[in-house]
Amino acid sequence: MTAAAFARSLAEAEERLRAAGLTGADAFRALRDTLLHRVGRDGEPHDALVDLALPAADLDLLGLAYERFFPDLFKGRLGQFFTPRSVVRLLLARLPDLAGLDVLDPTCGSGGLLVLAGRAGARVRGLDVDPRMADLAGVNLALAGVDGEVRRADFFAAEPEPADVVVANPPFSVPLRDRAVLDRYAFGQGAERVASDVLFLEALEGWVKPGGHAALVLPWTVVANGSMAAVRDRVDAHWCRRGLCALPEGVFRPFGGAAGRAALLWLQRRPAEDGFMEWAELEDPGYDTRSTRLTPTDDAEVEALAAGRGWRPVAGWLPPTVVAEGPALASWVTSDTTTTAGGPGQVTIDLADTDRSTGEVRPRTVDNHGRRAVLRGGQVLVARMRPELGNVCLVPEGLEAVGSPEWIRLEAPWPHYLLHALRAPSWRASLPPTTGQTRPRTDADTVLATRVPRPSEPVLAEVEALSAHLLREREALRARLAALEHAVHAFVAGGPEAELAEAVARLSEG
Ligand SMILES: C[S@@+](CC[C@H](N)C(=O)[O-])C[C@H]1O[C@@H](n2cnc3c(N)ncnc32)[C@H](O)[C@@H]1O
């Protein structure tokens, strides 16, 4: 069952609930009872839901169903949203073999992590402070055929029952104020309130056996913000960091979560052997992170990371900032900020019109609304949003276009050299890390303050000429390939072979 088909069957089930006049808590109960009935554990099926089209194979996506049906019921105070299943897969894939181990999710929500851990052969147990969630996780495990125990408990107040492995997506940045709870923890001493992430990491120390593992989803602030330095120091004192994967902004958006950034963190409880941590950055989690709807994309990147490709060893929490040599860009590059009104039929270059692997652009003609940036041929465009991922491109010579005001527009006497230099991994790594949790972005001043070495003028001139020539050649090759494809398409559609042969002959001449 693909995510798209699942989303369709959810939409149908949602429609039926609405038609039956079931909303809010009533709908939740009706759905839960019907599902329990389906797996033979009590429950009275609700007439409207008897043949509910819920897929049998992928019912661990049930959390998503509840989230879609009852957003108001679950969102808010307790940091409740559901963990994308591709993220769960990656989280579990980077743990040691779970078969036979005792795995706990102390803030289990709909139980998605437990379902996958159970399928990997673990004995699973879960806690959630919200009885409805504990209930929901129980249903989810039963539907997935995973044996496990889920009970209602407040993780911060409960007596630790250490596990071999803890997996968790705890509530993000919820302020905790209960005096009795705060007094149990070093970070709570004398404080009026402490963020849930901070207390979670401290409390976790008691819940994992020595040498045991934890795999966590945490807000990016824990990884990168200066105010969290003491928390990171404490983690390093009690654990060995094994892995850290930066997640893209908006990773929880289709699942009802905030737009903030997050990271996956793998820890091993001391005593354990120290060593370098593996670092990676996930760009595409297998769905569109810009949309609140679940729109599947390609999950090749998650698969690669899960299989161990794309990681590099890092000593600290973040990869080291490269200290670049050379003059600051501001000494030879200027930035342009001209804007114009949107209008009908404008040649447009937005981020989606660029090829991140080459820095080329494919302008479109579209009707624009609102203010647009004026783009001129020869400008190098740097996306404010995450340029460290290579969102840098070149406006073709002679082109006049408009584009997103999110572009930082750079002008230099050697645009091709600038394009290639700003796409270099070492330049990208030299950008100061973006620390804002929501919509982390850079700005023109930050980019202009970076340093870029510059070769002598004769070499620069050669780089310019050669790059312009190669780009033109690539464009021509692309056009020939498109013409060849077109000719084959015409033949497949029933056209004469002679026409195909003629096209091939013409194209092979160059
Ligand atoms: C982000 S959700 C977990 C999502 C889950 N991994 C999933 O995929 O469905 C966080 C969960 O923590 C629970 N929670 C919040 N505070 C808690 C506490 N003090 N003890 C236990 N669970 C808590 C919330 O009820 C919520 O279900």
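Residues numbered from 1 in each chain as written. Predicted model: local features only at pLDDT ≥ 70, side-chain atom pairs only at ≥ 80, totals over all residues. Heavy atoms only, no water.

Q: Explain the overall build of the chain to me, using residue names and the numbers behind them.
A: Along the backbone of the chain there are 17 helices and 22 strands. The buried share of the chain, taken over its 510 residues, is 49%. Of the contacts made within the chain by residues no fewer than 6 positions apart, 71% connect residues no fewer than 24 positions apart. Summed over its atoms, the accessible surface of the chain is roughly 23,100 Å², and 54% of this surface lies on carbon and sulfur atoms. (Helix = DSSP H or I, 4+ residues; strand = E, 2+ residues; numbered from the N terminus. Buried < 20%, exposed > 50% of the residue type's maximum accessible area, 1.4 Å probe, protein only. Contact = heavy atoms within 4.5 Å. Areas by Shrake-Rupley, 256 points an atom, 1.4 Å probe, with all protein chains shown as cover.)

Q: Run through the side chain of Asp 164, naming residues and quoting values.
A: With respect to the helices and strands, the residue Asp 164 is situated in strand β4 (residues 163-168). Asp 164 gets classed as buried once you look at its relative accessible area, which sits at 18%. For Asp 164, the side chain forms a polar contact with the main-chain nitrogen of Asp 102, separated by 2.8 Å. (Polar contact = N/O pair within 3.5 Å; in protein donor to acceptor, adjacent residues only side chain to side chain.)

Q: So what about the sheet that holds strand β11 (residues 312-314)? Which residues, and what values?
A: The strand order across the open sheet formed by nine strands is β3-β2-β1-β4-β7-β9-β8-β10-β11, and the pairing between neighbours is mixed. Taken across any chain shown, the strands that pair with only one partner, and hence form the sheet edges, are β3 (148-152) and β11. The sheet shows a mean angle of 20° between the axes of neighbouring strands, direction not considered. Strand direction decides the pairing type here: strand β1 (residues 102-105) and β4, joined by two bridges, are parallel. Paired with Leu 104 across the strands is Val 166, a residue of β4. Contacting β2 (123-128) and β3, helix α7 (residues 131-143) crosses the sheet at an angle of about 170° to β3. (Pairing = 2+ DSSP bridges. Axes fitted to C-alpha atoms, helices over the stretch in contact; angles between N-to-C directions.)

Q: A description of helix α11 (residues 229-238) should follow, citing residues and the corresponding values.
A: Burial in α11 covers these residues: Val 231, Arg 232 and Val 235. For α11, the angular spread of the buried residues around the axis is 100°, confining them to a single face. Along α11, exposed side chains directed more than 90 degrees from the buried face belong to Asp 233 and Ala 237. For α11, the elements touching its buried residues are α9 (196-204), α10 (220-224), β8 (239-246) and β9 (262-269). (Arc of directions from axis to C-beta.)

Q: Account for the pattern of salt bridges, naming residues and giving values.
A: Following the criterion strictly, the structure yields 23 salt bridges and no others. Salt-bridge contacts for Arg 151 lead to Glu 149; the nearest nitrogen and oxygen are separated by 3.9 Å. Asp 350 is the salt-bridge partner of Arg 364, the closest N and O atoms lying 3.8 Å from each other. Linking Arg 364 in strand β17 (residues 364-366) with Asp 350 in the loop between β14 (346-349) and β15 (354-355), this pair joins segments that are 14 residues apart in sequence. Under the relative-accessibility criterion, Asp 350 is labelled buried at 18%. Taken together, the shared-partner salt bridges connect Asp 102, Arg 125, Glu 149, Arg 151 and Glu 161 into one network. (Salt bridge = Lys/Arg side-chain N within 4 Å of Asp/Glu carboxyl O.)

Q: Provide a residue-level description of the packing of helix α5 (residues 85-93) against helix α6 (residues 112-119), including the pertinent values.
A: Contact pair α5 / α6: the axes reach a minimum separation of 10 Å and the direction vectors enclose 50°. When the axes of α5 and α6 are compared, the pair comes out oblique. For the pair α5 and α6, the sense of crossing is right-handed. Mapping the contact onto sequence places Arg 85, Val 88, Arg 89, Leu 91 and Leu 92 in α5 and Gly 112, Leu 113, Leu 116 and Ala 117 in α6. Taken together, the residues that form the contact of α5 with α6 break down as six nonpolar, one polar and two charged. (Parallel < 35°, antiparallel > 145°, perpendicular 65-115°, else oblique. Left-handed = near helix turned anticlockwise from the far one by under 90°. Nonpolar A, V, L, I, M, F, W, Y, C, P; charged D, E, K, R; others polar.)

Q: With reference to specific residues and values, describe unusual backbone geometry.
A: Between Arg 270 and Pro 271 the backbone carries a cis peptide bond, its omega angle lying at 0°. We note that Ser 173 has phi near 50°; this positive angle belongs to a residue other than glycine. Relative to the helices and strands, Ser 173 is located in the loop between β4 and β5 (175-176). The exposure class of Ser 173 is partly exposed, given its relative accessible area of 37%.

Q: Give me the confidence of the model for the chain: which residues, what numbers.
A: Put simply, the chain has an average pLDDT of 85, and 83% of its residues get 70 or more. Predicted confidence is poor over residues 55-61, with pLDDT under 50, and the contacts of this stretch with residues over four places away or in other chains come to 16 contacts. Counting contacts from residues 70-77, a segment whose pLDDT is below 50, to residues more than four positions away or on other chains yields 19 contacts. (pLDDT = per-residue confidence, 0-100.)

Q: Please give an account of the packing of helix α13 (residues 415-422) against helix α16 (residues 457-492) that cites residues and values.
A: Running from amino to carboxyl end, α13 crosses α16 at an angle of 80°, the nearest separation of the two axes being 8 Å. As judged from the angle between their axes, α13 and α16 are roughly perpendicular. From α13, Pro 415, His 416, Tyr 417 and His 420 reach across to α16, where they touch Leu 460, Val 463, Glu 464, Ser 467, Ala 468 and Leu 471. When the residues that make up the contact of α13 with α16 are grouped by side-chain class, the tally is six nonpolar, three polar and one charged.

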